[in-house]
Amino acid sequence: MSDTTAKIALITGANKGIGLETALQLGKLGVTVLAGARDLSRGEAAAEVLRGVGVDARAVKLDVVDHADRAAVAKFIEKEFGRLDILINNAGVMLDPRTANATGTTPEKVLRDTFETNFFAVVALTQMLLPLLRKSPAGRIVNLSSILASLTLHATPGSPIYDAKTFAYDASKSALNAFTIHLAHELRATNIKVNSAHPGWVKTEMGGEGAQMELADGARTSVELALLPDDGPTGGYFHMGKALPW
Ligand code: NDP
């Protein structure tokens, strides 16, 4: 049985990569983890690994773009726990070609599919779970953004991302950052904090071969923002404790 005093966290896309590592690190700190996965068997396999190292983990089937899945997960959390303490919107896709800037030829379908997962699904899931987050004494929402969301850095010649222009992905994460700012403003008088995280360039399937950061470090920003103290920031955009330019 779950320890009812433990914090309850839902992590989307927790079957691999940064999501799974975040589940591991939060779980080791005593958080009860609901590991979201669009393929339940992959989610179960991840939860099994987590339980094997002592984490209180359960898999939940959650294709973030699927309304029925989102509704079922909200219902499950309501029934099982009556509240949600931490929501980590971690699931994401990069569908752009990994070539030089192809903004002028990015297919509409790539744009729409990218926004569907990285933006619309995050907004819809968060809105659905807000009533449960409001019941937490210290609700925390972490949106997995990217340094590639930074309009300031994209517009600054010589910045580390100036030549890394994957239009659909970058724009979807900039929109996600707008959601962070707007929702944090709406919730500014509540106990809920909303922040965007840049994990770093991390060795995952998405991060690819060139990535420099190990998974353990790649999950650190998400974990830190998930466990912010009451006097911590809200409406910010962070990497490893440092603010990034919007
Ligand atoms: P991975 O590609 O390794 O993992 C992505 C996760 O998202 C997988 O679990 C995947 O599930 C899941 N996912 C994708 N679409 C959906 C969906 N519709 N419903 C549910 N789950 C879905 O990526 P990372 O771990 O590297 O990335 C995690 C987050 O961090 C992303 O939001 C990414 O944009 C962000 N990020 C990553 C960086 C990096 O260098 N790795 C840099 C900056 C930001 P499945 O296994 O079924 O495909």
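Quick note: structure is the one above.
**Student:** Hey, could you run me through the packing of aromatic side chains in this one?
**Tutor:** To describe a pair of aromatic rings, you give the distance between the ring centres and the angle between the ring planes. This model, assessed by the stated rule, comprises 4 aromatic pairs. Ring geometry for phenylalanine 76 against phenylalanine 81: centres 6.5 Å apart, planes inclined by 85°, an arrangement best described as edge-to-face. Note on phenylalanine 81: relative accessible area 16%, which makes it buried. Considering the side-chain rings of tyrosine 237 and tryptophan 246, the 5.1 Å spacing of their centres and the 25° angle between planes classify their relative orientation as stacked. The class for tyrosine 237 is buried, based on a relative accessible area of 1%. Stacked on the ring of tyrosine 162, the Lys or Arg lysine 165 has its end atom at 4.6 Å from the ring centre.

**Student:** Teacher, can you tell me more about the layout of surface pockets here?
**Tutor:** It is a probe the size of a water molecule, rolled over the atoms, that shows where empty space is left. Its volume calculated, the largest pocket comes out at about 1,300 Å³. The wall of the largest pocket is formed by 47 residues, among which Met94, Tyr169, Thr204, Met206 and Gly207 lie closest to the centre. Listing elements by their share of the lining of the largest pocket, those giving two or more residues are helix H1 (17–28) and helix H6 (167–186). Of the residues forming the lining of the largest pocket, the biggest block, 3 residues, is contributed by H1. In terms of residue class, the lining of the largest pocket is made up of 20 nonpolar, 18 polar and 9 charged.

**Student:** Sorry if this is basic, but what is going on with empty space enclosed by the protein here?
**Tutor:** Evaluated as defined, the whole model comprises 1 cavity of 30 Å³ or more. Of the volumes computed, that of the largest cavity is approximately 40 Å³. Every residue lining the largest cavity is listed: Asp96, Pro97, Thr99, Ala100, Asn101, Ala102, Thr106, Lys165, Thr166 and Phe167. The residue inventory of the lining of the largest cavity, partitioned by class, reads 4 nonpolar, 4 polar and 2 charged.

**Student:** So what exactly am I meant to see when it comes to the sheet that holds strand S7 (residues 236–239) here?
**Tutor:** Neighbouring strands of a sheet are bound in pairs by backbone hydrogen bonds; such pairs are parallel or else antiparallel. Pairing within the open sheet is mixed, and its 8 strands lie in the order S3-S2-S1-S4-S5-S6-S7-S8. Of all the strands in the sheet, just strand S3 (57–61) and strand S8 (242–243) have a single pairing partner and so form its edges. When strand S1 (residues 8–11) meets strand S2 (residues 32–37), the two strands line up parallel, connected through 4 bridges. Among the inter-strand pairings, isoleucine 8 is bridged to a residue of S2, identified as threonine 32. With respect to the sheet, helix H3 (residues 67–80) is in contact with S1, S2 and S3, its orientation differing from that of S3 by roughly 145°.

About the criteria used
Residues numbered from 1 in each chain as written. Predicted model: local features only at pLDDT ≥ 70, side-chain atom pairs only at ≥ 80, totals over all residues. Heavy atoms only, no water. Phe/Tyr/Trp six-rings, centres within 6.5 Å; stacked < 30°, edge-to-face > 60°. Buried < 20%, exposed > 50% of the residue type's maximum accessible area, 1.4 Å probe, protein only. Lys NZ or Arg CZ within 6 Å of the ring centre and 35° of its normal. 1 Å grid on protein atoms, 1.4 Å probe; cavity = no way out; pocket = protein on both sides within 12 Å on 5 of 7 lines; lining within 4 Å. Points joined across faces, edges and corners; volume = space filled by probe spheres on them. Helix = DSSP H or I, 4+ residues; strand = E, 2+ residues; numbered from the N terminus. Nonpolar A, V, L, I, M, F, W, Y, C, P; charged D, E, K, R; others polar. Pairing = 2+ DSSP bridges. Contact = heavy atoms within 4.5 Å. Axes fitted to C-alpha atoms, helices over the stretch in contact; angles between N-to-C directions.

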